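# Topology and contacts: notes
Chain by chain, the residues run as shown.
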Amino acid sequence: MIFLFAQETQIGQGNFDGVVVNSSSNDGTGERTLMATGYLPNLSSASRFLSQASFGGSYQDIVDLSQQSFEQWIDDQMAMPRPWSLQDYVYDLHQARTDSINLTRHDTLPDLTIREVRLDDWYFDIAWFQYAMTSDDALRQRVALALSEIFVISRESDFDNNPYALTDYYDMLLDHAFANYRTLLDSITYHPAMASYLTFINNPATDTLTTKKIFPDQNYAREIMQLFSIGLFELNLDGTEKKNAQGVPIPTYDQYDIEQLSGVFTGFSWPESEYFGDRSESYWSYTEPIKYHPFKVQGRTVVYAHEPGPKNFLNVSIPDHPVYPDGGYRDINAALDGLAAHPNVGPFLAYRLIQRLIKSNPSPDYVARVATVFNDNGNGVRGDLGAVVRAILLDKEARDCQNIAMPGSGMLREPFLRYMHLLKALDLTAEGGVYRNTMSRIYDEVEQRPLHAQTVFNFFEPGFQPNGPVMENGYYAPEFQIVNAQTQVGYLNLFNDYLNDNRDVVDYKSYFDDEAFKSGERPDLDFTYLTSLADDEGEIPFLVDHLNVLLVHGNLNPTSVQILVNALENYDEDPDDVAKMAVFLVMASPDYLINR
């Protein structure tokens, strides 16, 4: 029995403020009748959930999800093991190319023979895409992409054209998608790609006795605080900035903190290095953690490679660990412990992950709820990323239908996610199971693909505000930072080519010794059902309704629906072309581009 004690209250789907709920079972099921949790989703809500928790789904994926709860889907996804590694896939491609020119095959890494074959970064793209199209761990993939846009490395660096650097780093993100933040921070710090990208590989200790006066590089010390952990200003639990008595935001760190922390990240070189300063890296240098060297040779003298002495930054005091034998490791461990324990980390990371998965402008209450889970997953564990992802996806602000119409709700879909959504929704299939997509044209047209940001600040910054109503109303719209004449027209041209000009939706490389691919089979989108709707007289409204669920999650407004129906009913082409034009027009619509 449910008793309601309230004035005029609209209840259901999460609205039960001022309502007292009791049930004879006393097991919480009474309250669940008024909440969004525990209900099986309808098709539109299942489609919307998949757009946030994955790269999107086919109609069958949507139907399957509508027959179970979101909670169960998340549980199943998080329990799913990694099927294979991107690095191993690149190695197999590399070896196939080696075999194709009759070099001797070797089955272990590292391999001097295989190094004779030149590599390019598109090996990473091919591996990434093959994984995305053939692996079922959809949630892990979506979270790893989000993490790659927070903990940024890029092929725009010294390791351009080394796919092993890119695949090993991305494998690490996949492995840690549901792990602990502190463990992730450790793996990121010791990864050679990050050490190279943010320039603390072969980072020396202070030496003011030389003519040049050497000081530690400060790049990683600055960015690990600004971008990977605590941000620029002290935060409340809900992500809002703390202010001093004058109403000015309080900085989290200053130049002294950067200088002190920079000494921590000194004395490390490549994993196979024989001495500090060794610069003879190879493809394989990016596949093992960086290596500590306490000392270096300077002329005829042996001096410290790692900064000696105590180090103090923020409220962290690192004692004077002896440089030899493991002072560098102990310093990093203490520094990362201090950063991971900082009260800013929960709201800082909650805000950024919500922005990448759900919406550009989460409410302070939403951020606070997720940050609370970061601080304690319910079992006394801090930094449980799996619990954080679950909290983000299941929060009432992400799920309840009334929140779709909130001011500032939703986000501009990233161009690359639109591309992946098209392929998933229309069930891109290669008969031989082999995809060879370098994703080069998608990058050329919309300036996005994995691990190809121009700077450490990602493709776009979380606080970007385009001129106009967004800025005037105090909202943020990060993805609009890469909206320009090139990317807008490029997106439309690209999808017009894919859908209306029947061009390949993958940019392939064809010279591998791979019979399934060399046979000429190309991945194709499935328009069978859409064409059948376009072929039947009077079915165009049903075609639009179907695409509304499949692509727009039921959010096409009535005016848009009528415009689409009128346009398609007057489009004098064969049914297959009508179906393809329908997809193009829907994916070009504002209702689609802004995912609410």
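Each value, and the rule that gives it
- Residues numbered from 1 in each chain as written.
- Predicted model: local features only at pLDDT ≥ 70, side-chain atom pairs only at ≥ 80, totals over all residues.
- Heavy atoms only, no water.
- 1 Å grid on protein atoms, 1.4 Å probe; cavity = no way out; pocket = protein on both sides within 12 Å on 5 of 7 lines; lining within 4 Å.
- Points joined across faces, edges and corners; volume = space filled by probe spheres on them.
- Helix = DSSP H or I, 4+ residues; strand = E, 2+ residues; numbered from the N terminus.
- Nonpolar A, V, L, I, M, F, W, Y, C, P; charged D, E, K, R; others polar.
- Buried < 20%, exposed > 50% of the residue type's maximum accessible area, 1.4 Å probe, protein only.
- Salt bridge = Lys/Arg side-chain N within 4 Å of Asp/Glu carboxyl O.
- Patch = residues over 30% accessible without salt bridge, like charges linked within 9 Å, V, L, I, M, F, W, Y side chains within 5 Å.
- Areas by Shrake-Rupley, 256 points an atom, 1.4 Å probe, with all protein chains shown as cover.
- Lys, Arg positive; Asp, Glu negative; His and termini not counted.
- Charge placed at Lys NZ, Arg CZ, Asp CG, Glu CD.
- Contact = heavy atoms within 4.5 Å.
- Axes fitted to C-alpha atoms, helices over the stretch in contact; angles between N-to-C directions.
- Parallel < 35°, antiparallel > 145°, perpendicular 65-115°, else oblique.
- Left-handed = near helix turned anticlockwise from the far one by under 90°.
- Pairing = 2+ DSSP bridges.
- Core = buried A, V, L, I, M, F, W, Y, C linked by side-chain atoms within 4.5 Å.

Evaluated as defined, the whole model comprises five cavities of 30 Å³ or more. Taken together, 14 residues form the lining of the largest cavity, with S51, R142, R413, L417 and N595 sitting closest to its centre. Of all the secondary-structure elements, those providing two or more residues to the lining of the largest cavity are β7 (411-412) and α18 (415-425). Per-element tally for the lining of the largest cavity: the top contributor is α18, with three residues. Residues of the lining of the largest cavity, tallied by class, amount to five nonpolar, five polar and four charged. Size it by volume and the second largest cavity reaches roughly 50 Å³. Lining the second largest cavity we find F55, L86, W128, Y131, A132, Q141, Y170 and L174. Tallying contributions element by element places helix α6 (residues 122-134) first for the lining of the second largest cavity, with three residues.

This brings us to helix α7 (residues 138-148). By the criterion of burial, α7 is predominantly enclosed, with 10 of the 11 residues buried. Listed in full, the buried residues belonging to α7 are L139, R140, Q141, R142, V143, A144, L145, A146, L147 and S148.

For the rest of this paragraph, the subject is the pattern of salt bridges. One pass over the full model with this rule turns up 20 salt bridges. Among the salt bridges present, the one from D175 reaches R82, with a minimum N-O distance of 2.6 Å. Of this pair, D175 sits in helix α8 (residues 163-175) while R82 sits in the loop between α4 (70-79) and α5 (86-100); the two residues are 93 residues apart in sequence, bridging distant segments of the chain. With a relative accessible area of 48%, D175 lands in the partly exposed category. Of the residues examined, R82 reaches a relative accessible area of 21% and is grouped as partly exposed. For D395, the salt bridge identified is with R369, shortest N-O distance 2.6 Å. One end of the pair, D395, is in the loop between α16 (385-394) and α17 (396-399); the other, R369, is in helix α15 (residues 364-375), with 26 residues separating them in the sequence. On the basis of relative accessible area, R369 is assigned to the partly exposed category, the value being 29%.

So, on to a negative patch on the surface. On the surface, D61, D64, D427 and D526 cluster together into a negatively charged patch. Judged by its relative accessible area of 36%, D61 is partly exposed.

The next subject is the side chain of T531. Turning to its location among the elements, T531 is positioned in helix α23 (residues 528-535). The exposure class assigned to T531 is buried, which follows from its relative accessible area of 18%. Excluding residues that lie within four positions of it along the chain, T531 makes contacts with P575, D576 and A579.

We now examine the side chain of S58. Relative to the helices and strands, S58 resides in the loop between α2 (43-53) and α3 (59-66). Those residues in contact with S58 that sit more than four places away from it in its chain are K424, A425 and L550.

This part is about the packing of helix α9 (residues 181-190) against helix α13 (residues 327-341). Direction vectors running N to C along α9 and α13 enclose 135°, while the axes themselves pass 10 Å from each other. Between α9 and α13, the angle falls in the class oblique. As for how α9 packs across α13, the hand of that crossing is right-handed. Residues Y181, R182, L185, D186, T189 and Y190 of α9 form the contact with α13, whose participating residues are Y329, I332, N333, L336, D337 and A340. Residues of the contact of α9 with α13, tallied by class, amount to seven nonpolar, two polar and three charged.

Right, let's talk about unusual backbone geometry for a bit. A cis amide bond links Y324 with the next residue in sequence, P325, at an omega value of 5°. By the secondary structure assignment, P325 is in the loop between β6 (316-318) and α13. The phi torsion at N161 lies on the positive side, around 70°, for a residue other than glycine. Examined against the element boundaries, N161 turns out to sit in the loop between α7 and α8. You will see that N202, though not glycine, has its phi angle at about 60°, which is positive. The topology assignment puts N202 in the loop between α10 (192-197) and α11 (219-226).

What follows deals with the pairing of strand β3 (residues 295-298). Inspection of the sheet shows β3 paired to strand β4 (residues 301-304) by four bridges, in the antiparallel sense. Across the sheet, the residue bridging to Q298 is T301, located in β4. The hairpin turn running from β3 into β4, its antiparallel successor, is two residues long, and G299 in that turn takes a positive phi close to 65°.

All right, on to the nonpolar core then. In terms of nonpolar packing, the biggest core is built from 165 residues, with W128 and F129 touching the most fellow members. For this core, the element with the most residues is α6, which contributes 10 residues. Setting aside residues up to four positions removed in sequence, W128 forms contacts with F55, L86, Y170, F416, M420, M439 and P450.

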